[in-house]
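# Remarks on the overall topology
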Protein chains: 2
Amino acid sequence: MIGGVTKAETGEKTRQRGPRRDAADNRDRVLAAAATAVRREGIAVPMATIAADAGVGVGTVYRHFPSREALLSALTHRSFELVLAAATQAAETNADSEEPGAEAVRRFLDRTVEHGGDLVMPLRGGPPALDERTAAVQAAVHAQLRALLQAGVRDGSLRADVTAGDLVIFGALLTEQLPHVADWNTAARRVIDVYVAGLAPTAAPLRAAPVVPSPA
Amino acid sequence: MIGGVTKAETGEKTRQRGPRRDAADNRDRVLAAAATAVRREGIAVPMATIAADAGVGVGTVYRHFPSREALLSALTHRSFELVLAAATQAAETNADSEEPGAEAVRRFLDRTVEHGGDLVMPLRGGPPALDERTAAVQAAVHAQLRALLQAGVRDGSLRADVTAGDLVIFGALLTEQLPHVADWNTAARRVIDVYVAGLAPTAAPLRAAPVVPSPA
DNA sequence: ACTTAAGCGGACGATATCTTCCGTTTAAGC
DNA sequence: GCTTAAACGGAAGATATCGTCCGCTTAAGT
C-alpha cells in the first residue's frame, strides 16, 4: 500500500501483476486443509498441522493469512460463499421451474449438509465477528432466501411467518456434527424433513417474533 | 485402590468416609465454571482460566479431574443428566395430564435451550466418546423420549416415524449458539416451533430410515 | 480441644504452539 | 535464457499451557 504507488505509475495499472499461480494454488490448499482440520480437531488446531495437511510450510500459511484469526475469518467467508452458491442455485432453479417453494428450501438445506465438510460456520468458539465482506455475502444469502420464501408463500407451499434469518440459523446448526452419530447425512436429512414439514402453511403460528441476525 | 484396603479393615466399612464438604463444593464449582468457560472460549480453554473462574487453584481442578479429558467427560455427563431431568419431567407431566404429546415434546426442547448455558454436548471438537456411565444416562434419555413419543402417537398429536434419536440429535444441535445472534433463546424457540409443527401426523413421510445414535 | 488425613493453592520444570525471519527456490515477463 | 521479485520452507526465539509436587490449611471425628 505504501511502496506500491511509486512503482506502478503506469496510469491505472496499479496492481497489474496478478498473484503467481503457485501462490493461488497454495492459498486454496491451505484453506481446504484448514476447513478439514478445524472440523476434525476444533478451532485450536495447530497451524503446523494445517500447514502439513496442505503440504506447505508454516511460513506459507502465515504469508497468506497473517494470523490464525485471519485464517478463520477467511474460512468463514468461504463458507458463506458456498452457502450463497447453494441459495442462489436453489432460488434460480425454483424461478425457472414450477416446483413448490418448499422443495427448493429443502434442496437448499440438503446442499448445506452435503457441503458440511467444507463449512466452518461461526458457531461456539468460532471466529467471533463477521468482517465486512463476509457480512455482505451473508446479506446476499438472506436476499436469495427471502426470494425463495416469498415464492413459496405465493405458490402456497410455505407459511408466511418464517424468515430468511430462520433458515440461516437452522442451516448453520445443521453444519455441526455429533461425532458419535455414524451416518450424519442421514440423520441430518431426517431433521430437515421434519423441519420442512413444519414449514407448511397449515402449521400453528410461531410463538416468538422474528429475530434479525445481522445483515440490516 | 491399593492402600485403601489395608486400612479399612473394619468389615464392609470400606470407603466409610465421604468426601469433605468443601471438596464437594469445589467440585461443583469447577464443573459450573468449566461449562461456562467452555461455552465461552471453546474446549481448548486453559485449565488456569477454569480454575480462576471457579475461585480455586489449578491443583484443585486436577485433583478432582485428573486430566482435561476427564473434566470434559464429566461435563458431558452432567449435561446428559440435566437433559435426562428435562426428559423425565416432560414424560411424567405428560403422563399425569391430558396435554397432547406434541406439547410435551415442545416443552422438553424448550427446557433444553433454557439449560443451554450449562450444557456441553459432544459436538465438533468435544469429548470424542461417551463413557459407560454417560451412555447409560443417554439410554435413559432415549427411553423417556420414546415413552413421550408413543404417548403422542397414541393421542394423535405426533407422527409415528420420528424416533427418540431424532429428538436427541435435534436437541443437541439446539445447544449450540451462533455468537452473533443476539437473542438466541428467541431464535431457538422459532426453530423449535417449526420443527414441532413438522411433527404433526399429517406431515409427509421422512425420506431416510431411522438412525440409531449410540445406546443399543 | 486435639489429631489426622483429606484438601488446597500456586510455583515450577517440561512441553507445545505461535509467529517471525531469512536464505533458497521458482514463476513470469522481457 | 536471463532477470527479478514474489513465494517458499522451516529453524528458532518468544510465549503459553500443561500437569505435578509439596508445604500449608481445614474439615471432621474423638
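Residues numbered from 1 in each chain as written. Chains lettered and ligands numbered in written order. Predicted model: local features only at pLDDT ≥ 70, side-chain atom pairs only at ≥ 80, totals over all residues. Heavy atoms only, no water.

Attention now goes to the confidence of the model for chain A. Considering every residue of chain A, the mean pLDDT works out to 88; 88% of them sit at 70 or more. Confidence drops under a pLDDT of 50 for residues 1-14 of chain A, and excluding neighbours within four residues, the segment shows three contacts in the predicted structure. (pLDDT = per-residue confidence, 0-100. Contact = heavy atoms within 4.5 Å.)

In this section: the protein's contact with DNA strand D. Around DNA strand D, the structure places 19 residues, and the nearest of them are Arg20, Asn26, Thr60 and Arg63 of chain A together with Arg68 of chain B. Taken together, the sugar and phosphate atoms account for 69% of what DNA strand D places within 4 Å of the protein. Contact between DNA strand D and Gly59 of chain A: a base oxygen at 3.3 Å from a main-chain N or O atom of the residue. The side chain of Arg63 of chain A places a nitrogen or oxygen atom 2.6 Å from a phosphate oxygen of DNA strand D. Secondary-structure elements contributing two or more residues to the surface near DNA strand D are helix H2 (21-41) and helix H4 (58-64) of chain A together with helix H2 (21-41) of chain B. Top element by residues in the surface near DNA strand D is H4 of chain A. It accounts for five residues. Tallied by class, the residues present in the surface near DNA strand D amount to six nonpolar, six polar and seven charged. (Near = heavy atom within 4 Å. Polar contact = N/O pair within 3.5 Å; in protein donor to acceptor, adjacent residues only side chain to side chain. Helix = DSSP H or I, 4+ residues; strand = E, 2+ residues; numbered from the N terminus. Nonpolar A, V, L, I, M, F, W, Y, C, P; charged D, E, K, R; others polar.)

Let's shift gears to the packing of aromatic side chains. Two aromatic rings are characterised by how far apart their centres lie and by the angle between their planes. Residue and element names in this part refer to chain A. All chains considered together, the criterion is met by two aromatic pairs over all chains. Ring geometry for Phe170 versus Tyr195: centroids 3.8 Å apart, planes at 10°, classification stacked. One end of the pair, Phe170, is in helix H8 (residues 164-174); the other, Tyr195, is in helix H9 (residues 184-197), with 25 residues separating them in the sequence. The buried category is assigned to Phe170, whose relative accessible area is 1%. (Phe/Tyr/Trp six-rings, centres within 6.5 Å; stacked < 30°, edge-to-face > 60°. Buried < 20%, exposed > 50% of the residue type's maximum accessible area, 1.4 Å probe, protein only.)

What follows is about the packing of helix H7 (residues 132-154) of chain A against H8 of chain A. Residues and elements named next belong to chain A. Viewed as axis vectors pointing N to C, H7 and H8 meet at an angle of 115°, and their least axial separation amounts to 8 Å. Between H7 and H8, the angle is such that the two are roughly perpendicular. Along this stretch, H7 crosses H8, giving a crossing that reads as right-handed. Across from Val141, His142, Leu145, Arg146 and Leu149 in H7, the residues of H8 making contact are Ala164, Gly165, Leu167 and Val168. In terms of residue class, the contact of H7 with H8 is made up of six nonpolar, two polar and one charged. (Axes fitted to C-alpha atoms, helices over the stretch in contact; angles between N-to-C directions. Parallel < 35°, antiparallel > 145°, perpendicular 65-115°, else oblique. Left-handed = near helix turned anticlockwise from the far one by under 90°.)

Quick look at the interface of chain B and chain A now. If you look at the interface, chain B gives 52 residues, while chain A gives 52 residues. With both sides pooled, the region where chain B packs onto chain A buries about 4,700 Å², and carbon together with sulfur makes up 64% of that total. At the boundary of chain B and chain A, one finds six salt bridges. In this structure, Arg207 of chain A and Asp110 of chain B form a salt bridge, with 2.7 Å as the shortest nitrogen-oxygen distance. (Buried area = accessible area lost by both parts, 1.4 Å probe. Salt bridge = Lys/Arg side-chain N within 4 Å of Asp/Glu carboxyl O.)

Take the relation of the copies chain B and chain A next. Expressed as a screw transformation, the operator carrying chain B onto chain A has a rotation angle of 180° and an axial translation of 0.0 Å, and the superposed copies differ by an RMSD of 0.1 Å. Both copies are brought into coincidence by an operation consistent with a two-fold rotation axis. Considering only C-alpha atoms, the part of chain B nearest the rotation axis is Gly198 of chain B, at 1.8 Å. Here 98% of the interface residues in chain B have copies in chain A that are interface residues too; the copies meet face to matching face. (Least-squares fit on C-alpha atoms with pLDDT ≥ 70 in both.)

Lining the immediate surroundings of DNA strand C are 19 residues, of which Arg68 of chain A together with Arg20, Asn26, Thr60 and Arg63 of chain B lie closest. Near-protein atoms of DNA strand C (within 4 Å) split between backbone and bases, with sugar and phosphate holding 65%. One nitrogen or oxygen atom from the main chain of Met47 of chain A is found 2.8 Å from a phosphate oxygen belonging to DNA strand C. With respect to DNA strand C, the side chain of His64 of chain B contributes an N or O atom lying 3.4 Å from a phosphate oxygen. Looking at the surface near DNA strand C, the elements that each hand over two or more residues are H2 of chain A together with H2 and helix H4 (58-64) of chain B.

The next point concerns the pattern of salt bridges. The final tally for this structure, using the stated rule, is 20 salt bridges over all chains. For Asp161 of chain A, the salt bridge is made with Arg159 of chain A, and the minimal N-O distance between the two is 2.7 Å. Given a relative accessible area of 5%, Arg159 of chain A falls into the buried group. Where Asp53 of chain B meets Arg40 of chain B, a salt bridge forms, and the shortest distance between an N and an O atom there is 3.0 Å. On the criterion of sequence distance, the pair formed by Asp53 of chain B in helix H3 (residues 47-54) and Arg40 of chain B in helix H2 is long-range, its members being 13 residues apart. When salt bridges with common partners are traced through the structure, they connect Glu103, Arg106, Asp110 and Asp193 of chain A together with Arg207 of chain B into a single cluster.

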